[in-house]
There are 2 protein chains.
Amino acid sequence: MDRPNNIAHQQDLDFMSQALDLALRSEAIGEVPIGALIVDENGQILSMATNLREKNTTVIGHAEIIALHRACKKRKSWRLTGCTLYVTLEPCFMCAGALVQSRIARVVFGAYDPKGGALGSLSNLSCDARLNHNFTVTSGVRSEECGKILKDFFKKKRKTK
Amino acid sequence: MDRPNNIAHQQDLDFMSQALDLALRSEAIGEVPIGALIVDENGQILSMATNLREKNTTVIGHAEIIALHRACKKRKSWRLTGCTLYVTLEPCFMCAGALVQSRIARVVFGAYDPKGGALGSLSNLSCDARLNHNFTVTSGVRSEECGKILKDFFKKKRKTK
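Thresholds applied
- Residues numbered from 1 in each chain as written.
- Chains lettered and ligands numbered in written order.
- Predicted model: local features only at pLDDT ≥ 70, side-chain atom pairs only at ≥ 80, totals over all residues.
- Heavy atoms only, no water.
- Salt bridge = Lys/Arg side-chain N within 4 Å of Asp/Glu carboxyl O.
- Buried < 20%, exposed > 50% of the residue type's maximum accessible area, 1.4 Å probe, protein only.
- Pairing = 2+ DSSP bridges.
- Helix = DSSP H or I, 4+ residues; strand = E, 2+ residues; numbered from the N terminus.
- Axes fitted to C-alpha atoms, helices over the stretch in contact; angles between N-to-C directions.
- Contact = heavy atoms within 4.5 Å.
- Parallel < 35°, antiparallel > 145°, perpendicular 65-115°, else oblique.
- Left-handed = near helix turned anticlockwise from the far one by under 90°.
- Nonpolar A, V, L, I, M, F, W, Y, C, P; charged D, E, K, R; others polar.
- Least-squares fit on C-alpha atoms with pLDDT ≥ 70 in both.
- Core = buried A, V, L, I, M, F, W, Y, C linked by side-chain atoms within 4.5 Å.
- Buried area = accessible area lost by both parts, 1.4 Å probe.
- Polar contact = N/O pair within 3.5 Å; in protein donor to acceptor, adjacent residues only side chain to side chain.
- Phe/Tyr/Trp six-rings, centres within 6.5 Å; stacked < 30°, edge-to-face > 60°.

Q: Help me understand the pattern of salt bridges in this model?
A: Counting across every chain of the model gives twelve salt bridges over all chains. Linking Glu145(A) and Arg142(A) is a salt bridge whose minimum nitrogen-to-oxygen distance equals 3.5 Å. Residue Arg142(A) is classed as partly exposed on the basis of its relative accessible area of 26%. Here Arg106(B) makes a salt bridge to Asp12(B), at a shortest N to O gap of 2.7 Å.

Q: Is there a simple way to think about the pairing of strand 2 (residues 45-50) of chain A in this case?
A: As a general feature of sheets, a regular strand has side chains that alternate between the two faces. Residue and element names in this part refer to chain A. The pairing of strand 1 (residues 35-39) with strand 2 spans five bridges and is antiparallel. Among the inter-strand pairings, Ala-36 is bridged to a residue of strand 2, identified as Ala-49. Once strand 1 ends, the chain turns through five residues before running back antiparallel as strand 2, passing Gly-43 with a positive phi of about 80 degrees.

Q: I would appreciate a short explanation of the sheet that holds strand 1 of chain A in the present structure.
A: Adjacent strands of a sheet form backbone hydrogen bonds with each other and so pair up, either parallel or antiparallel. Residues and elements named next belong to chain A. Spatially, 2-1-3-4-5 is the arrangement adopted by the five strands of the open sheet, whose pairing is mixed. Every other strand in the sheet has two partners, leaving strand 2 and strand 5 (136-138) as the edge strands with one partner each. The mean inter-strand angle of the sheet, taken between neighbouring strand axes irrespective of direction, is 15 degrees. In the packing of helix 2 (residues 63-75) onto the sheet, contacts are made with strand 1, strand 2 and strand 3 (84-89), and the angle to strand 2 comes to roughly 150 degrees.

Q: Can you walk me through the packing of helix 2 of chain A against helix 3 (residues 93-101) of chain A in this structure?
A: Relative placement of two packed helices is described by the angle separating their axes and the distance separating the axes. Residues and elements named next belong to chain A. Put simply, helix 2 and helix 3 touch, their axes get as near as 9 Å, and they point 25 degrees apart. Classified by the angle between their axes, helix 2 and helix 3 sit roughly parallel to one another. Here helix 2 runs over helix 3; the crossing is left-handed. Facing helix 2, whose interface residues are Glu-64, Ile-65 and Leu-68, helix 3 presents Met-94, Cys-95, Ala-98 and Leu-99. For the contact of helix 2 with helix 3, the per-class residue count stands at six nonpolar, no polar and one charged.

Q: What am I meant to see in the relation of the copies chain B and chain A here?
A: Between the two copies of the chain lies a rotation about an axis combined with a shift along it. Placing chain B over chain A gives an RMSD of 0.0 Å and needs a rotation angle of 180 degrees, together with 0.0 Å of translation along the axis. In symmetry terms, the pair is related by a two-fold rotation axis. Among all C-alpha atoms of chain B, that of Met94(B) lies closest to the rotation axis, at 2.0 Å. Looking at the interface residues of chain B, 100% of them are also at the interface in chain A, so both copies use one shared face.

Q: Honestly, the nonpolar core in this entry has me stumped. Any pointers?
A: As a rule of thumb, soluble globular proteins bury nonpolar side chains together. The biggest cluster of nonpolar side chains holds 112 residues, and the ones touching the most others in it are Ile38(A), Leu85(A), Ile38(B) and Leu85(B). Those residues in contact with Ile38(A) that sit more than four places away from it in its chain are Gln44(A), Ile45(A), Leu46(A), Ser47(A), Ala67(A), Leu68(A), Ala71(A), Leu80(A), Cys83(A), Thr84(A) and Leu85(A).

Q: Sorry if this is basic, but what is going on with the interface of chain B and chain A here?
A: A common way to state how big an interface is: give the accessible area lost once the parts meet. With 28 residues of chain B in contact, the opposing surface of chain A contributes 28 residues. Buried area between chain B and chain A, both sides added, is near 2600 Å², and the carbon and sulfur share of it is 66%. Taken together, chain B and chain A are joined by zero salt bridges. Applying the counting rule to chain B against chain A returns eight residue pairs in polar contact (both at pLDDT 80 or more). Elements supplying a minimum of two residues to the side of chain B that touches chain A: helix 2 (63-75) and helix 3 (93-101) of chain B. A breakdown of the residues in the side of chain B that touches chain A according to their chemical character gives 13 nonpolar, nine polar and six charged.

Q: Explanation requested: the packing of helix 3 of chain A against helix 3 of chain B in the structure shown.
A: Look at helix 3 of chain A against helix 3 of chain B: their axes get within 7 Å of each other, and the N-to-C directions meet at 160 degrees. When the interaxial angle is binned, helix 3 of chain A and helix 3 of chain B end up roughly antiparallel. In terms of crossing hand, the pair formed by helix 3 of chain A and helix 3 of chain B is left-handed. Listed contacts from helix 3 of chain B to Phe93(A), Met94(A), Gly97(A), Ala98(A) and Gln101(A) of helix 3 of chain A are Phe93(B), Met94(B), Gly97(B), Ala98(B) and Gln101(B). For the contact of helix 3 of chain A with helix 3 of chain B, the class distribution of residues is six nonpolar, four polar and no charged.

Q: How do you make sense of the sheet that holds strand 5 (residues 136-138) of chain B when you look at a structure like this?
A: Residues and elements named next belong to chain B. A sheet is described by the order of its strands in space; here five strands give the open sequence 2-1-3-4-5, paired in mixed fashion. Edge positions in the sheet fall to strand 2 (45-50) and strand 5, since each of these pairs with one other strand and no more. Each strand of the sheet is rotated relative to its neighbour by a mean of 15 degrees, with strand direction disregarded. With respect to the sheet, helix 2 is in contact with strand 1 (35-39), strand 2 and strand 3 (84-89), its orientation differing from that of strand 2 by roughly 150 degrees.

Q: Could you clarify how one ought to interpret the packing of aromatic side chains in this entry?
A: Two descriptors summarise a pair of aromatic rings, namely the distance from one centre to the other and the angle between the planes of the rings. A complete count under the given rule lists seven aromatic pairs over all chains for this structure. Ring geometry for Phe93(A) and Phe93(B): centres 6.1 Å apart, planes at 15 degrees, overall stacked. Of this pair, Phe93(A) sits in helix 3 while Phe93(B) is found in helix 3, placing the two residues in two different chains. This pair shows no difference in class: Phe93(A) is buried, exactly as Phe93(B) is. Here Phe15(B) and Tyr86(B) contribute two aromatic rings whose centre-to-centre distance is 5.1 Å and whose plane-to-plane angle is 40 degrees, an arrangement assigned as tilted. One end of the pair, Phe15(B), is in helix 1 (residues 10-28); the other, Tyr86(B), is in strand 3, with 71 residues separating them in the sequence.

Encoded structure:
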């Protein structure tokens, strides 16, 4: 698979820190620790989200999907042209597909997901020329911290079972 | 791409007729004419949906996503084990990815979508052995009727522009 172009700026590191805070908040409410936020073309935060799959008992409760939905509501449009999504884990096919649909400009993610990731691991929907929209990806930003939160979470879960 | 196993039973034709009715209702409210419904293991309808992308101004307004969300709410679970989704058009990557996440048992769709379909056209997520769930697909059920509604809709749209 093609590995995307990895240039992270200071702003990216800062927004990823906020996404990490959201991941911790996600864990605190009993969800898998993943956090996501969407920033517009002026660097203003449009939406933030934790995972909500358990709390909302819905398959569409991934942090990216909730962040996308909230950003659409804020913009009063299903198109998020010019926006950037920050997320602590590489998006799955559902979320990567939603990002294509939203016409987002860029995605910055933390840890790779070798088992389910669709922006570099299993596939890369961001640069599939057959789709009607492509976008830039910056990957591996604060990947160790992003990955550690998840590993620790699943380790704790296995212990309490 | 692998084309899935195509055996449609009378029940499939009947549920696809209902999905076609939902597609027409979708058009009547100003949406792209696509309809979807989810049936449980006993043949009971759990949820029905039209497209709602324009009306709800959200990128997650595809009929399949709304049908999945409503079925989760009905079941009080994000898992839809044993269920079947009927939809008039081949699902895109977002919707096909959501179907994988939901652990659905089977998908029956009408028309193929050569530009964006992720259950046989551009890819086939239903039988990707790397993913943590696979499901059965029956495709091309009432495909001419399902495709005609869409073709007529876009023809009308071009004329009124």
